[in-house]
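# Examination of the molecular architecture
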Amino acid sequence: MSTIFSLSILQSALELGCIYALVALALFLSFSILNIADLSTDGCFTLGCAVGAMVTLSGHPYLALFAATGAGVCSGFVTAFLQTRMGVPSILAGIIVNTGLYTVNIAVMGFSSNVNLFACDTVFSLAKEKLSYGWYENWYKLLITLVIVLAVGVLLSLFLNTRLGLSIRATGDNEHMVRASSINPLFMITVGLCVANALTAFSGAILGQYQKSCDINLGTGMVTIALASLIIGETLVGKGSMFKKIAGVILGSCLYRFIVALALRLNVPAEALKLVSAVIVAAAISLPYLKEKSAFYRLRTSNQNGYRKEGSADVSH
């Protein structure tokens, strides 16, 4: 097992798991809470990375994170506007925004397919200067990503337990009941999608500074990755409080990165990683159904055995 996993691989999986957990939390809000399939995630992730990279190039790595978050809010607002004001179905609205964001992203990047940040200061390089001593000298990236994802998780949990957050949750459960309670469901959908896309873009900006580059195709397949993390987390944690669910999503994201790292260590071709992601998603989604079916078959088998025993007892009498 030591030949498969090393400390550096474990560290890298945790770092990427924390970064991608922000996208999983965004999908948790839009998909699990609001019951909306937001397919603009791929383009929004690249948008956050592109905006963050360009602002970082200008010498403002911290401001880049806020700028990327604001760009994500704009993306979420456009998606919500198409759904709530233009009557476009949620899936089509996400596809439309995702398609349009490709041109927006490449324009933000100066009509270049990639941006290099190796000559710029980033949040991680600045933190390394302050944490260049002690036992955490080689763990500063993990500390930063862990602090960020935990802070976002706590804030999201607190937000979803406020009056506005409870209204968003109620909108996802029953939109007609919310409207009957004099709450505007269209506004709740807009707020929810803006927050979700802000988290997605924020994650993209962090990843861009983490790997010191931005590529136009960076967000391809991000929906699959986030969905896999979300389903794994929900399967492991199950029902519970909002904080418990959010913790499960973060745990699922880290576990997904471990699975990907294991696949790479087993010499799975990089071109096949999308297939691995699809298999993970299919297995994670199918697991609750298979558990339910397995419990049903066990119950039916035990009942049949009970009937046979009763029948044999009657015959003996």
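As shown above, the structure is provided for reference.
These numbers come from a predicted model, not from an experiment. All residue numbers refer to position in the chain's written sequence, counted from 1. Given that this is a predicted model, residues contribute local features only at a pLDDT of at least 70 and side-chain atom pairs are listed and counted only at 80 or more, while totals for whole chains, interfaces and linings are drawn from all residues. Each side-chain value is derived from all of the structure's non-hydrogen atoms; neither hydrogens nor water enter the calculation.

### Section: the overall build of the protein
Each helix is a run of DSSP H or I of at least 4 residues and each strand a run of E of at least 2, with the numbering of both proceeding from the N terminus. Tallying secondary structure elements over the protein gives twelve helices and two strands in all. Reading the protein from its N end, one meets helices and strands in the order α-α-α-α-β-α-α-α-α-α-β-α-α-α. Along the longest, intermediate and shortest principal axes, the C-alpha atoms of the protein span 90 × 60 × 35 Å. What makes two residues a contact is simply this: any of their non-hydrogen atoms within 4.5 Å. A fraction of 79% describes how many contacts in the protein between residues 6 or more apart in sequence connect residues 24 or more apart. Computed with the Shrake-Rupley method and a 1.4 Å probe, the accessible areas treat only the protein chains shown as cover for residues. Surface exposure of the protein reaches about 16,100 Å², of which carbon and sulfur atoms provide 65%. Positive and negative side-chain charges in the protein, numbering 20 and 14 respectively, have mean positions lying 5 Å apart. Charged residues are defined narrowly, with Lys and Arg counted positive, Asp and Glu counted negative, and His plus the chain ends left uncounted. Charge positions come from single atoms, namely NZ of Lys, CZ of Arg, CG of Asp or CD of Glu.

### Some words on helix α9 (residues 185-211)
Expected helix span is taken as 1.5 Å per residue step, with the number of steps being one fewer than the number of residues. Between its first and last C-alpha, α9 extends 39 Å over 27 residues, near the 39 Å set by a 1.5 Å rise per residue. In terms of burial, α9 is a largely internal element, 23 of the 27 residues being buried. Side-chain atoms alone can form a polar contact between residues adjacent in sequence; in general such a contact is a pair of N or O atoms within 3.5 Å, and within protein one must be able to donate a hydrogen while the other accepts it. One side-chain oxygen at the N-terminal end of α9 lies 3.1 Å from the backbone nitrogen of L186; it belongs to N184. K212, located one to two residues past α9, shows a positive phi value of around 55°. Each residue is placed in one exposure class: buried if its accessible area under a 1.4 Å probe, protein chains only, is under 20% of its type's maximum, exposed if it is over 50%, and partly exposed if it falls in between.

### Topic: the side chain of S229
Looking at the element boundaries, S229 is found in helix α10 (residues 222-237). By relative accessible area, which is 1% here, S229 ends up buried. In this structure S229 touches A24, V249, G252, S253 and Y256, once residues within four positions along its chain are discounted.

### Re the side chain of T200
When you line up the elements, T200 lands in helix α9. Given the relative accessible area of 3%, T200 is considered buried. Dropping the residues within four chain positions of it, T200 is found in contact with V23, A26, T41, C44 and F45.

### A short note on unusual backbone geometry
Backbone geometry places S182, a non-glycine residue, at a positive phi of 65°. As for its position among the elements, S182 is in the loop between α8 (175-180) and α9. Here the phi dihedral of K212 falls at roughly 55°; this positive angle occurs in a residue that is not glycine.

### Looking at the layout of surface pockets
Every definition here rests on a 1 Å grid over the protein atoms only: cavities are sets of points where a 1.4 Å probe fits but cannot get out, pockets are open sets enclosed by protein on both sides within 12 Å along at least five of seven lines, and lining residues have some atom within 4 Å of a point. Grid points are joined across faces, edges and corners, and a volume is the space filled by probe spheres set on the points. Here the largest pocket defines a volume of roughly 400 Å³. As for the largest pocket, its lining consists of 15 residues, and the residues nearest its centre are F28, S32, E234, G238 and K245. Within the residue set of the lining of the largest pocket, elements represented by two or more residues are α1 (7-33), α7 (163-173), α10 and α11 (242-265). Among the elements that take part in the lining of the largest pocket, α10 stands out by supplying five residues, more than any other.

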